[in-house]
Amino acid sequence: MATLKAVRGTRDLLPPETALWNRIEQTARQVFARYNFGEIRTPIFEDTALFARGVGEETDIVSKEMYTWEDRARAQSEKAQSLTLRPENTAGVVRAYIEHQLGEGGKLQKLYYIGPQFRRERPQKGRYRQFWQIGAEAIGPPSSGSESPLRDAEVLEMLATLLDELSIAGWRLEINSVGSAADRARYNEVLRAALEPVAPKMCADCRRRAVTNPLRVLDCKVPEDQPIIETLPKIGNSLDQESKEHFAAVLAALDAAGVPYHRNARLVRGLDYYTRTTFEFTHGGLGAQNALLGGGRYDGLSEALGGPRAPGIGFAMGLDRLVLTLEAQQRALPETIYIDTPCDAYIAPLGEAQNAPALALARELRKSGLRVEIGDGTFRLKKSLEIANKLAWRIVILGEDELKSGIVTVKNFLTGLQAKVSREELSAYLKGPVGRNPA
RNA sequence: GCGGCUAUAGUUCAGCGGCAGAACGCCUGACUGUGGCUCAGGAUGUCGUGGGUUCGAUCCCCACUAGCCGCCCCA
């Protein structure tokens, strides 16, 4: 019989690696809380129309990467409906913002999420079909200050802080402004016109993009094309006065906060909803998938989804890629490779008669906050020691004598020394330092 | 979706057209309540799946599947 395996592009996360995932998530939650972001959890699947309208019908994500299915009507009263596993989370958050009329209070909504997303791409390093994103959105009616360049700068500064606190070394912030929707449309035409005479001299991909998606030409990495790309009009020149001022104010705020950035006039993003500020934090250690996170402003998204005017800015970071980056960093520093940290104690019952008392003892110690592992009375002491040595700092030996006297034997694997400890003192004793503990 | 590389023990990997290998890990060692280090033994495989060539295929050929790397796209 063929054995069942995790489907292509999905994977199991196992300990001890999950400890790293937890640490990252915990750090993110703490940082978000300091910036007054609250957690939102949206459904993992939504009406297909949400992504078509929000992310954009023409994007690769919507046109060929979504997991979509027809949810059949099972009763007369039900309607069949096209559903889709979320390929990103911003559309869902904005949908929830509209649905619950979160703008009515007049205040800025600051929401973060952590969860799996789904895209049917070819799996690769740092790219999975089920992948995890941590993201945040600051959205609200214009009167709440949601449109202020200060929001952009605050979010970017928060990200710099978060990456630093995660001890991601060597991140790079690239920032650009793609202007308003009208600016973008205008630039697209300018670019298309400028490409027409030079495209035949460029690579095959660029010749195709020049027609289908001119903005993507700016992303081209073929060395021979670079001189040509340099001569193309810059989007900065197509921005209206307001967008220019907004961008300048964002950069000024970043300067004031001391957040280093690189202006990248060629940074374009693949989702239709982005306006004005767009950014990406990259890292060299990720290979082809070098973006740790990306985001930007989406001032028209709420209206595109049928909601009120609600400018916003947000980002999504690839949790899988953060983990990869941190693992690579840790491998470079041998002593910080994460390992299973040993338990505080291993309880070894020396006979089956000691099994039940051992569980009672474990319960007591665990209640006091100790991390405790427990063996089995059928193990010979030698075997118990071998097992315990692998997974705990100390072994608590519970034999007939110990049970009778209420004084257990504790052996410290680090020092090799052994002591007799009364049950009353055991918890405090095990909480004491391991390294220089006399016993 | 396209191209290249890869698939052998729990893990990392050698290997060869003719009995399947190493290292690490695992198990057992005077069966009395003392581990680590060392020593002596031992177990472990549909050689990714399906076809083809051959007297004979883990090895050569084809297809499929999966993984990695790149393209594309993105986080």
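### A short note on the domain arrangement of chain A
Then comes step 1: As assigned here, chain A comprises domain 1 (17-180 + 240-328) and domain 2 (342-431).
Then comes step 2: Centre-to-centre, using C-alpha coordinates, domain 1 lies 49 Å away from domain 2.

### A closer look at the sheet that holds strand β11 (residues 312-318)
Then comes step 1: Read across the sheet, 8 strands follow the order β1-β5-β6-β11-β10-β9-β7-β8 without closing on themselves; strand pairing throughout is mixed. Each edge of the sheet is formed by a strand with only one pairing partner; in this case those strands are β1 (38-39) and β8 (262-263).
Then comes step 2: Pairing geometry for strand β9 (residues 275-282) and strand β10 (residues 291-297), over 6 bridges, is antiparallel. Bridging from a neighbouring strand, Phe279 pairs with Gly295 of β10.

### Points about the packing of aromatic side chains
Then comes step 1: A full pass over the atoms with the stated rule returns 9 aromatic pairs.
Then comes step 2: Relative to Trp69, the ring of Phe45 has its centre 5.8 Å away and its plane inclined at 70 degrees; by these criteria the two rings are edge-to-face. With Phe45 in strand β2 (residues 45-47) and Trp69 in strand β3 (residues 68-71), this residue pair connects regions lying 24 residues apart in the sequence.
Then comes step 3: What makes Phe45 partly exposed here is its relative accessible area of 45%.
Then comes step 4: Under the relative-accessibility criterion, Trp69 is labelled partly exposed at 33%.
Then comes step 5: Relative to Phe281, the ring of Trp171 lies with its centre 5.3 Å away and its plane at 55 degrees, an arrangement referred to as tilted.

### A word on the pattern of salt bridges
A pair can form between side chains of opposite charge whenever their charged atoms are brought close.
Then comes step 1: Tallied over the full model, the rule gives 20 salt bridges.
Then comes step 2: Residues joined by salt bridges that share partners form a network here, namely Arg29, Glu39 and Arg41.

### Quick look at the packing of helix α1 (residues 17-34) against helix α5 (residues 149-165)
Then comes step 1: Where α1 contacts α5, the two axes come as close as 10 Å, and the packing angle between them is 145 degrees. When you trace α1 past α5, the crossing you get is right-handed. Contacts between α1 and α5 pair Thr27, Ala28, Val31, Phe32 and Arg34 from the former with Met158, Thr161, Leu162 and Glu165 from the latter.
Then comes step 2: When grouped by side-chain class, the residues that make up the contact of α1 with α5 number 5 nonpolar, 2 polar and 2 charged.

### Focus on the packing of helix α12 (residues 355-367) against helix α15 (residues 423-431)
Then comes step 1: Running from amino to carboxyl end, α12 crosses α15 at an angle of 50 degrees, the nearest separation of the two axes being 10 Å. Overall, the two elements α12 and α15 adopt an arrangement that is oblique. Where α12 crosses over α15, the handedness of that crossing is right-handed. The segment α12 lies against α15, with Leu361, Glu364 and Leu365 engaging Arg423, Leu426, Ser427 and Leu430.
Then comes step 2: Grouping the amino acids of the contact of α12 with α15 by side-chain chemistry returns 4 nonpolar, 1 polar and 2 charged.

About the cut-offs
- Residues numbered from 1 in each chain as written.
- Chains lettered and ligands numbered in written order.
- Predicted model: local features only at pLDDT ≥ 70, side-chain atom pairs only at ≥ 80, totals over all residues.
- Heavy atoms only, no water.
- Domains from an automatic or database assignment.
- Pairing = 2+ DSSP bridges.
- Helix = DSSP H or I, 4+ residues; strand = E, 2+ residues; numbered from the N terminus.
- Phe/Tyr/Trp six-rings, centres within 6.5 Å; stacked < 30°, edge-to-face > 60°.
- Buried < 20%, exposed > 50% of the residue type's maximum accessible area, 1.4 Å probe, protein only.
- Salt bridge = Lys/Arg side-chain N within 4 Å of Asp/Glu carboxyl O.
- Axes fitted to C-alpha atoms, helices over the stretch in contact; angles between N-to-C directions.
- Left-handed = near helix turned anticlockwise from the far one by under 90°.
- Contact = heavy atoms within 4.5 Å.
- Nonpolar A, V, L, I, M, F, W, Y, C, P; charged D, E, K, R; others polar.
- Parallel < 35°, antiparallel > 145°, perpendicular 65-115°, else oblique.

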